Amino acid sequence: MKQKKFGRNGPDVSVIGQGTWYLDRGDRKAAIAALRRGIETGMTHIDTAEMYGDAELVISDAIAGLPREKLFLVSKVLPSNASRRGTIAACERSLKRLNTDHLDCYLLHWRGSYPFEETVAAFEDLVAAGKIRSWGVSNFDADDLDELLDVAGEGRIACNQVLYHLQERAIEHAVIPWCERNGVAVVAYSPFGHNEFPTARGKGGELLRAIADAHEATARQVALAFLTRAASVLAIPKASSAEHVADNAAAGNLQLSTADIAALDKAFPRGPKPRGLPML
């Protein structure tokens, strides 16, 4: 599994990680087996959130007995909890549910009403206490990041987790360039879209299949390899079965050619810059 640096000052992290949104709504044993299979294949970056129901508890069961230092755990605080005291309390709850003494990164799930000064102060308190190793944000556009940078200072924002898939490439206009200039990792959530992955019979789907066949890969592996082609971008697909996890993990070593990337870029154009940042 290839790895990339997680922010300017962060550790190397698996380029393909594991998302857990809705993971608690299916077969619990299958979900635990999928997470463990992912870890075995090198997908040690596991993302969750307090908003994700019992996903943190599922993860806790999946990582029980595993060396903590080999995992990269990320969770998120809801904007409604993102006051200075509320952020710290939310983090403590997540740590308890995950049965761990620290998070590798802790994110503000999206921008809310609390001033950045409060949330950043809480994040820095948590870093000082050893409860989190780094912090970042999710669903932030470039102008939001500008404001946050003014509050936090250089080198403090570890990542920005954003919606990114073949048919939703809005972040390529301003967000990815901003993050690359400022040493911030970009983490792509829902990298297959929300029930929007190209069908095999469509024009884009046929291209995906052709490129996949040439690399002895799958269409989804090709999609992940395309999305993570930039040095700053990682992806966290969700998979609820061990088979799907293994398929995702194989994308971590897939290298597309310049011609492959150009063809996919043409088939799935990024389109004009939208007024607002798309999010789920």
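The rules behind each value
- Counting restarts for each chain: residues are numbered from 1 in the order of the written sequence.
- Local features in this predicted model are restricted to residues of pLDDT 70 or higher, and side-chain atom pairs are both shown and tallied only at a pLDDT of 80 or more, whereas totals for entire chains, interfaces and linings draw on every residue.
- Hydrogen atoms and water are omitted, and side-chain values are computed over all heavy atoms in the structure.
- Stacked, tilted and edge-to-face pairs are distinguished by plane angle, under 30 degrees for stacked and over 60 for edge-to-face with tilted covering the rest, among Phe, Tyr and Trp rings (Trp via its six-membered ring) whose centres lie within 6.5 Å.
- Remark: exposure states derive from per-residue accessible area (1.4 Å probe, protein chains only) relative to the maximum for the residue type, with buried under 20%, exposed over 50%, and partly exposed in between.
- By definition here, charges over rings are those cases where NZ of Lys or CZ of Arg is within 6 Å of the ring centre and within 35 degrees of the ring normal.
- Secondary structure elements follow DSSP: runs of H or I of four or more residues count as helices, runs of E of two or more count as strands, with numbering from the N terminus.

Once that is clear, we can look at the packing of aromatic side chains. Summed over the entire model, instances satisfying the criterion amount to seven aromatic pairs. Note on Trp21 and Tyr22: the rings are 4.8 Å apart at their centroids and 10 degrees apart in plane angle, and the pair reads as stacked. Since its relative accessible area comes to 24%, Trp21 is described here as partly exposed. On the basis of relative accessible area, Tyr22 is assigned to the partly exposed category, the value being 31%. An aromatic cluster is built from Trp21, Tyr22 and Tyr52, whose rings are joined through pairwise contacts. The residue whose ring lies beneath Arg220 is Phe192, and the NZ or CZ to ring-centre distance is 4.7 Å.

A few words on unusual backbone geometry. Positive phi is not limited to glycine here, since Tyr22 has a value of about 70 degrees. Phi angles above zero are rare outside glycine, and Asn139 is one such case at about 60 degrees. Note on placement: Asn139 falls in the loop between β6 (135-138) and α5 (142-152). Classification of Asn139 as buried rests on a relative accessible area of 8%.

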